[in-house]
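What follows is the residue order along each chain.
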Amino acid sequence: MRTEERIQYLNKIKSPAIMTEELRQMSRNLWWTWNREAQEIFANLSPLAWTASNHSAVAVLNSLSSTELKARLMEKAFSERVADVLLVFREYLTRDRTWCSAHAAPFLKSPVAYFSAEFAIHESLPIYSGGLGVLAGDHAKSASDLGVPLVGISLFYRQGYFQQQIAPHGWQEEHYPLLDRNELPVDLVLQEDGSPLVLSVELQHTQVKFQAWRLNVGSTVLYLLDTELMENEDHYRDLTSRVYGGDTATRVAQEIVIGIGGVRLLRALNIAPAVFHMNEGHSAFLTFELLREQLGKGVALKAAEEWVRDHCVFTTHTPVPAGHDRFSPDHMEYVFGKFRTRLNLDVYQFLSYGRVNPDDSQETFCMTVLALKMARAANGVSELHGEVSRKMWRSLHTQKTTPVAPIGHITNGIHVRGWMTRPTQRFWKAHLGADWETRLMYPDLWKIISDRDLISDEEIWALRYWLRRELVEFARKRLRGQFTRIGEGSKVFEKILSPDALTIGFARRFATYKRAPLIFSDLSRAIAIFNDAKLPVQLVFSGKAHPRDDRGKEFIQRIHEITRRNEFFGKVIFIENYDIHVARCLVSGSDVWLNTPRRPLEASGTSGQKVSVHGGLNLSVLDGWWREGFDGTNGWSIGNDHSPEDPEGQDAADAESLYETLTESVIPLFFDRDEHGIPRGWIEKIRRAMQTLIPQYNTDRMVAEYVTKYYLPKKHVLRG
Ligand SMILES: *Cc1c(COP(=O)(O)O)cnc(C)c1O
């Protein structure tokens, strides 16, 4: 914005009526979820509505009459704060110079269509289950920040994933409250005449209708497809209601809606993407719809396939064969029979797209195989995962009959701006200047960290104390709620966690390969670690098990039992209902982020990347991103750089390594204080971690890499 435009805008919003309207518009763009000043404004307007809605700006504004809102904006100091934020928002949306315009201008013309079964944008919109969704959400936010045109496609899950409560005996219970779309910034997509846009996909012999909700995330637009329409039979109405809900039939149907329905929506909106990005195989049916379009134009089959391949890229996230979506040939024919005949393909041809060996009539139809056969390029999400994926699909690549996308890798990152808490943001703004957030992927910016004259140990230690205190108080509040619910509200909450103790965090989905209880595999050693009065250590857990994963629920139960034992009470705690908000509190307050996957099953992992900017340190198995992030000085490793031959033996070896590292390195270093009470060696590690990890493990770097390696027109694309 030019200076006079800025002045004009500020004059315009002096009118409370106009400012009210601008504020409403800003509440309907999730850009505010990565602007702390904007969040404080909404939180101030109604602290209660803010908390009750899990921080929805729309819900806050709904709870105020327009008379009240206008009156509040007449208060000078407040309206000045609002004006500041509105101006930043306006400038953001009207920028014409961005990373993309400077480095990838050819890509400005048409967007990437990014398909993902889940998007984690904010805690008030729980349409995600875990890391895959967080990655998609962070990708969308960084694309917006970098000025990369991106349109996201997903489903509008009205019941979200689920809300977790732990029953008194430790078993996870799932609740499915309905999302209230009036409290969310979603707008129904309409046609020109103002009526809802309704499209359909074929499922068996039925036309299943769907509508779409539009969601603004900065300059990124997400479309969430939704089959809850009166025109649909009951069981199709519920199709899109839960994240990964229901049985295989639901799964296939959801994937048809997202893949095929997603392409139809883009066409109806006249959006012509330069590239279709499949984030995991769930959306790979989109390639069938693109194929159908080409064939419908009279293009011959080989040329049509070639066109589809030219326009698609694929990211795989699953390092185990069993983790890939597979559907039986019979079921495929049952749901796709009609669609297949429209493509003029026989059953053999149709199923071949999803088979490694098309001649094996028993082989199930695999979404990953479909994606690999129909994309021009594919990638794993860390270096190690790229290797594992190439090995897993080697047999597909050695067949010379059909082209198969080469598998490279782009290591995941996180959207740093969105994961910061207020104290952290203040800290960096003070040290790096106001515009540091737009430069965070450049390593030069972070050289300052090694300079004690520019950032002192005392300042870093003060930040750590502030963040740990916030986590302690958050945990006490949440635990009071949990205990009250089960009739034990009289427990002493001041005894829960200590702001002086070494605080370890462990929070993620309770998939069994992540081995949450590993640290308790030798109970007497664990008791010793958590009961040394001179070296206090505490551990905060959080995480959901998939509703059908009983072993994951047993892990939660085991941790729950531990938290109830006298030796661990108040020192090992479990916070229910893990979500983005809980994650943010944990990754900022924890001194050490513990990660114990059974290697090589953690394709990347991203939660550990969220701690560096807050001064947290990783203690992790050398799997996923940490295998490349760890340099010997910036955290700790568990185990060695090998993948296990026998999983049980590996569990024991990793547990041993974990105990040893904790008791011989981590705990002593944290409590090695000088005469001012400052752990100099520990802070040196924090500096190393900040300097080496923040510029690399963020989604600005990651999206830039996707654009230059995968999205740009084919002639720019690096193969393999
Ligand atoms: C970051 C995050 C994840 C991903 O954690 P991993 O380290 O990949 O296991 C999952 N869920 C939530 C809510 C997160 O914030």
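Predicted model only: the values in this text are computed from it and were never measured. (Residues numbered from 1 in each chain as written. Predicted model: local features only at pLDDT ≥ 70, side-chain atom pairs only at ≥ 80, totals over all residues. Heavy atoms only, no water.)

Q: Could you give me a rundown of the packing of helix α2 (residues 16-27) against helix α3 (residues 36-45), with the residues and numbers involved?
A: Running from amino to carboxyl end, α2 crosses α3 at an angle of 110°, the nearest separation of the two axes being 12 Å. Here α2 is positioned roughly perpendicular relative to α3, judged by the angle of their axes. Crossing geometry of α2 relative to α3 is assigned as left-handed. Residues L23, M26 and S27 of α2 pack against A38, I41, F42 and L45 of α3. Classifying every residue of the contact of α2 with α3 by side-chain character gives six nonpolar, one polar and no charged. (Axes fitted to C-alpha atoms, helices over the stretch in contact; angles between N-to-C directions. Helix = DSSP H or I, 4+ residues; strand = E, 2+ residues; numbered from the N terminus. Parallel < 35°, antiparallel > 145°, perpendicular 65-115°, else oblique. Left-handed = near helix turned anticlockwise from the far one by under 90°. Contact = heavy atoms within 4.5 Å. Nonpolar A, V, L, I, M, F, W, Y, C, P; charged D, E, K, R; others polar.)

Q: Residue-level account of the pattern of salt bridges, with values.
A: Where charged atoms of side chains with opposite charge meet at close range, the side chains can pair. Considering all chains together, one arrives at 52 salt bridges under this definition. Measuring nitrogen to oxygen at the nearest pair gives 2.7 Å for the salt bridge that ties D654 to R515. One end of the pair, D654, is in helix α26 (residues 647-670); the other, R515, is in the loop between β15 (502-507) and α22 (523-530), and 139 residues separate them in sequence. D654 gets classed as buried once you look at its relative accessible area, which sits at 3%. For D674, the salt bridge identified is with R680, shortest N-O distance 2.7 Å. In this structure R680 comes out as partly exposed when scored by relative accessible area, which is 28%. What you see here is one network of salt bridges that share partners, running through R452, D457, E458, D674, R680, E684 and R687. (Salt bridge = Lys/Arg side-chain N within 4 Å of Asp/Glu carboxyl O. Buried < 20%, exposed > 50% of the residue type's maximum accessible area, 1.4 Å probe, protein only.)

Q: Tell me about the site of the ligand, and please be specific about residues and values.
A: Residues in close proximity to the ligand total 14 residues, the closest being W419, K514, T606, S607 and K610. Contact distances for the ligand include 3.1 Å between an oxygen atom and a backbone N or O atom of T606. Between K610 and the ligand, the recorded distance is 2.6 Å, taken from a side-chain N or O atom to an oxygen atom. When isolated, the ligand has an accessible area of 390 Å², and the protein chains bury 96% of it. Listing elements by their share of the shell around the ligand, those giving two or more residues are α9 (131-146) and α24 (580-589). Class assignment of the residues belonging to the shell around the ligand gives a composition of five nonpolar, five polar and four charged. Lining the shell around the ligand are residues from two domains, each supplying at least three of them: domain 2 (107-330 + 367-413 + 703-719) and domain 3 (417-697). (Near = heavy atom within 4 Å. Polar contact = N/O pair within 3.5 Å; in protein donor to acceptor, adjacent residues only side chain to side chain. Areas by Shrake-Rupley, 256 points an atom, 1.4 Å probe, with all protein chains shown as cover. Domains from an automatic or database assignment.)

Q: Give me the lowdown on the packing of helix α12 (residues 286-296) against helix α14 (residues 329-343), citing residues and values where you can.
A: At a minimum axis separation of 9 Å, α12 and α14 run at an interaxial angle of 35°. Here α12 contributes F288, E289, L291, R292 and L295 to the contact with α14, which in turn contributes F336, F339, R342 and L343. In terms of residue class, the contact of α12 with α14 is built from six nonpolar, no polar and three charged.

Q: Pulling in residues and values, what's your account of the sheet that holds strand β20 (residues 635-638)?
A: As summarised here, the arrangement of the six strands in space is β17-β16-β15-β18-β19-β20, forming an open sheet in which the pairing is parallel. Across the chains shown, the open sheet's two edge strands, defined by having one partner strand only, are β17 (572-575) and β20. On average, each strand axis in the sheet is inclined to that of its neighbour by 20°, with strand direction left out of account. Summarising the sheet, β15 and strand β18 (residues 592-595) pair through two bridges and their orientation is parallel. In the strand pairing of β18, I504 is matched with V592. (Pairing = 2+ DSSP bridges.)

Q: Report on the confidence of the model for the chain, specifying residues and quantitative values.
A: Of the residues in the chain, 99% have a pLDDT of 70 or more, and the chain-wide mean is 95. The low-confidence segment residues 716-720 (pLDDT under 50) makes eleven contacts with residues lying over four places distant or belonging to another chain. (pLDDT = per-residue confidence, 0-100.)

Q: I'd like a rundown of the pairing of β15, residues and numbers included.
A: Of all six residues in β15, six are buried; the element is thus mostly enclosed. Of the two faces of β15, the one carrying L502, I504 and F506 and the one carrying T503, G505 and A507 are both buried. One ladder, built from six bridges, connects β15 with strand β16 (residues 537-542); its direction is parallel. Residue pairing across strands places L502 opposite V537, the latter belonging to β16. One crossover worth recording links β15 to the parallel β16 by way of α22, and it is right-handed. (Right-handed = clockwise from strand over helix to strand, strands pointing away.)

Q: Tell me about the domain arrangement of the chain, and please be specific about residues and values.
A: Split by domain assignment, the chain resolves into domain 1 (3-93), domain 2 (107-330 + 367-413 + 703-719) and domain 3 (417-697). Here the C-alpha centre of domain 3 lies 31 Å away from the C-alpha centre of domain 2. Taken together, the contacts link 43 residues of domain 2 with 41 residues of domain 3. Taking both sides of the interface into account, the surface hidden between domain 2 and domain 3 amounts to around 3,400 Å²; carbon and sulfur atoms contribute 54%. When the buried area of domain 2 at its contact with domain 3 is split by residue, Q164, W171 and L384 rank highest and sum to 19% of it. (Buried area = accessible area lost by both parts, 1.4 Å probe.)

Q: Tell me about the side chain of E123, residues and numbers included.
A: If you trace the backbone, E123 turns up in the loop between β1 (112-116) and α9. Since its relative accessible area comes to 6%, E123 is described here as buried. When neighbours within four sequence positions are excluded, E123 is seen to be in contact with N54, H55, Y128, D579, I580, H581 and R584.

Q: How would you explain the environment of E37 if you had to name every residue and give the values?
A: Relative to the assigned elements, E37 resides in helix α3. A relative accessible area of 26% places E37 in the partly exposed class. Once the C-alpha coordinates of E37 and E123 are considered, the two residues, 86 residues apart in sequence, prove to be 18 Å apart. Not counting residues within four places of it along the chain, the set of residues in contact with E37 comprises V85, R422, Q425 and K429.

Q: If you had to explain the packing of aromatic side chains to someone new, which residues and values would you point to?
A: Within the structure shown, the criterion is met by 43 aromatic pairs. Relative to Y353, the ring of F288 lies with its centre 5.7 Å away and its plane at 80°, an arrangement referred to as edge-to-face. Placement of F288 in helix α12 and of Y353 in the loop between α15 (347-352) and β12 (365-366) is noted, with a sequence separation of 65 residues between them. Across this residue pair, the class does not change: F288 and Y353 are buried. Between the aromatic rings of F288 and F365, the centroid separation amounts to 6.2 Å while the plane-to-plane angle is 40°, which identifies the pairing as tilted. On the criterion of sequence distance, the pair formed by F288 in helix α12 and F365 in strand β12 is long-range, its members being 77 residues apart. (Phe/Tyr/Trp six-rings, centres within 6.5 Å; stacked < 30°, edge-to-face > 60°.)

Q: Give a description of the nonpolar core that names residues and reports values.
A: If you look at the biggest cluster of nonpolar residues, it comprises 143 residues, and the most contacted ones within it are F285, F336 and Y711. For this core, the element with the most residues is helix α11 (residues 248-268), which contributes nine residues. The residue makeup of this core includes at least three contributed by each of domain 1 (3-93) and domain 2 (107-330 + 367-413 + 703-719). The residues touching F285, leaving out its near neighbours within four places in the chain, are V252, E255, I256, G259, I260, F327, M332, F336, F365, M367 and L370. In terms of nonpolar packing, the next biggest core, distinct from the first, is built from 94 residues, I448, I504, A545 and F670 among them. (Core = buried A, V, L, I, M, F, W, Y, C linked by side-chain atoms within 4.5 Å.)

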